[in-house]
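Here is how the chains run, residue by residue.
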Amino acid sequence: MTSATAGGTAPVPPARTRKSVTGTRRTVAVLFLLPCLVLLGALVVYPIGYSLIRSFLNQSGDGFAGVDNYKALFTDDGIRTALKNNVIWVVFAPTVATALGLVFAVLTERVRWGTAFKLVVFMPMAISMLAAGIIFRLVYDQDPNKGVANAVWVGVHDTFAESSAFPNAHPGRQSPLRPEKGGFLTQQAVYAGQSVSLPLVGVAPDKMPGGAKKAVQAPSEPGKVTGTAWQDFTRGKGVGRLGQVDPGELGYPGMKIEAVKDGKVVDSAKVRADGTFTLSDKADGARLRLPASNFREPYNGVDWLGPSLVTPAVIGAYVWMWAGFAMVLIAAGLAGVPRELLEAARVDGANEWQVFRRVTVPLLAPVLAVVLVTLMINVLKVFDLVFIIPPGSSQDDANVLALELYRKGFSEDQPGIASAIAVFLLLLVIPVVWFNVRRLRREVRR
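On a predicted model such as this, the values are computed, not experimentally measured, just so you know. (Residues numbered from 1 in each chain as written. Predicted model: local features only at pLDDT ≥ 70, side-chain atom pairs only at ≥ 80, totals over all residues. Heavy atoms only, no water.)

A. Representation of the sheet that holds strand S9 (residues 276-279) within the structure. Taken together, 3 strands build an open sheet; the order of strands is S5-S6-S9 and the sheet is mixed. Of all strands in the sheet, those bounded by a partner on one side alone are strand S5 (195-200) and S9. The sheet shows a mean angle of 20 degrees between the axes of neighbouring strands, taken without regard to direction. In the sheet, strand S6 (residues 225-231) pairs with S9 via 4 bridges, with the strands oriented antiparallel. Paired with Thr226 across the bridge in S9 is Thr278. (Pairing = 2+ DSSP bridges. Helix = DSSP H or I, 4+ residues; strand = E, 2+ residues; numbered from the N terminus. Axes fitted to C-alpha atoms, helices over the stretch in contact; angles between N-to-C directions.)

Shown next, in the form of structure tokens:
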């Protein structure tokens, strides 16, 4: 083509095909991106769009429900509990995991076997959520013989407050004892030179202490009060005499006996292996009391999976898994911290805590933000642990939005409300993702 000018005609250059920054033609780039765009549309855009539309339809999907499904998010008790628990998860789980990761990353730099320690802490990341849930369901078992958490807790408790060996012991028929403040008290006063019988029943033979011996009737002693506390076993006619020590009956070793006069304890003694005990002349005219400490129920630990502790217990399992992830990322960021800054702070007189708080943490702020935001996004969709660890009796108390979405969509056949929960979760994630994108752009500009 030519164009007229004052001096004649000048050739017009042909139009060029626009290329991308890398020099690749845009049509070629689009062709390469097309499969990815198709998958993105099919697996991400379409489900989001469908969920958004379905959230405004009724249960059957053939009628418009307006915002009724969204109203249920704030009126349904199950969803409100799930929303409250999600707030707890978002506040505490990422914070605790990030804090532990920071502590582990800093401390392992000063430990000789730091790499091995990091490997051990990171290993739970190799376990699936399903397997971790099964592990912690056993860890939190109420029975101390099965659950590790209660085994440790009971061991610590019994170190300071040992449980009784006779929690089910109680007076039998025609007993000289009557109930008193969780224990038992003789109905009549006792006197020096008297031998007292304190028969009890209710302890199974296989539950008797290993040191128990055959009971004997304590002989009377001048100036002292003696007696026998034993398992008065009678079973039908002709088998054992009520209120008397018979062959084969066992004493209650270690049981505490108190002599009480005018509401005050004037003397006390421990029952021997054969059931006998001896009190001094101070017990003359007093009543004998078996205090409540003799009948304290065995301590079975904490109900970790009960309604009040189930959410913190599940969060503990999550932290166990993800603290290693936080540690690895923070350790990578810590490796890039200039060591001369840390040394300069020490030279200026800062102690290790001040160096950590005023130098290390501020320099690691971008990495800590990445870890915290990543974990926040992760806990918003936590499902597996909450589904597996809590028993059926407390699963409602541990409920979260992802689990409630599953329940509404599959168990209760309410796809409209389930779609509304999905959209609500998306809206919760968008601000966190937007914050992360802005932070990444700022890092690129630097």
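B. Just unusual backbone geometry, in detail. Positive phi, normally seen in glycine, also occurs at Gln174, with a value near 55 degrees. As for its placement among the helices and strands, Gln174 is situated in the loop between helix H6 (148-160) and strand S3 (177-180). Unlike most non-glycine residues, Lys181 shows phi in positive territory, near 50 degrees. Looking at the secondary structure, you find Lys181 in the loop between S3 and strand S4 (183-186). Owing to a relative accessible area of 76%, Lys181 belongs among the exposed residues under this scheme. (Buried < 20%, exposed > 50% of the residue type's maximum accessible area, 1.4 Å probe, protein only.)

C. Geometry of a nonpolar patch on the surface. Together, Leu33, Leu37, Leu39, Leu40, Leu43, Val44, Val45, Ile48, Leu426, Leu427 and Ile430 line one region of the surface with nonpolar side chains, adding up to about 1000 Å² of accessible area. Looking at the nonpolar patch, the elements that each hand over two or more residues are helix H1 (26-54) and helix H13 (415-445). It is H1 that provides the largest number of residues to the nonpolar patch, a total of 8 residues. Along the chain, the position of Leu427 falls in helix H13. (Patch = residues over 30% accessible without salt bridge, like charges linked within 9 Å, V, L, I, M, F, W, Y side chains within 5 Å. Areas by Shrake-Rupley, 256 points an atom, 1.4 Å probe, with all protein chains shown as cover. Salt bridge = Lys/Arg side-chain N within 4 Å of Asp/Glu carboxyl O.)

D. Molecular detail of the pairing of S4. Because side chains alternate across S4, one face comprises the buried residues Gly183 and Leu185, and the other comprises Phe184 and Thr186, equally buried. Count of turn residues in the S3/S4 antiparallel hairpin: 2 residues, of which Lys181 carries a positive phi of about 50 degrees. Where S4 lies against strand S10 (residues 287-290), 2 bridges are found, and the strand directions are antiparallel. Paired with Leu185 across the bridge in S10 is Arg289.

E. Focus on the environment of Ala398. Structurally, the position occupied by Ala398 is in the loop between helix H11 (384-388) and helix H12 (401-411). Each C-alpha atom of the pair Ala398 and Thr81 lies 8.1 Å from the other, and the pair is 317 residues apart in sequence. Discounting residues that sit within four places of it in the chain, Ala398 has contacts with Asn85, Val310, Thr311, Val386 and Pro390. (Contact = heavy atoms within 4.5 Å.)

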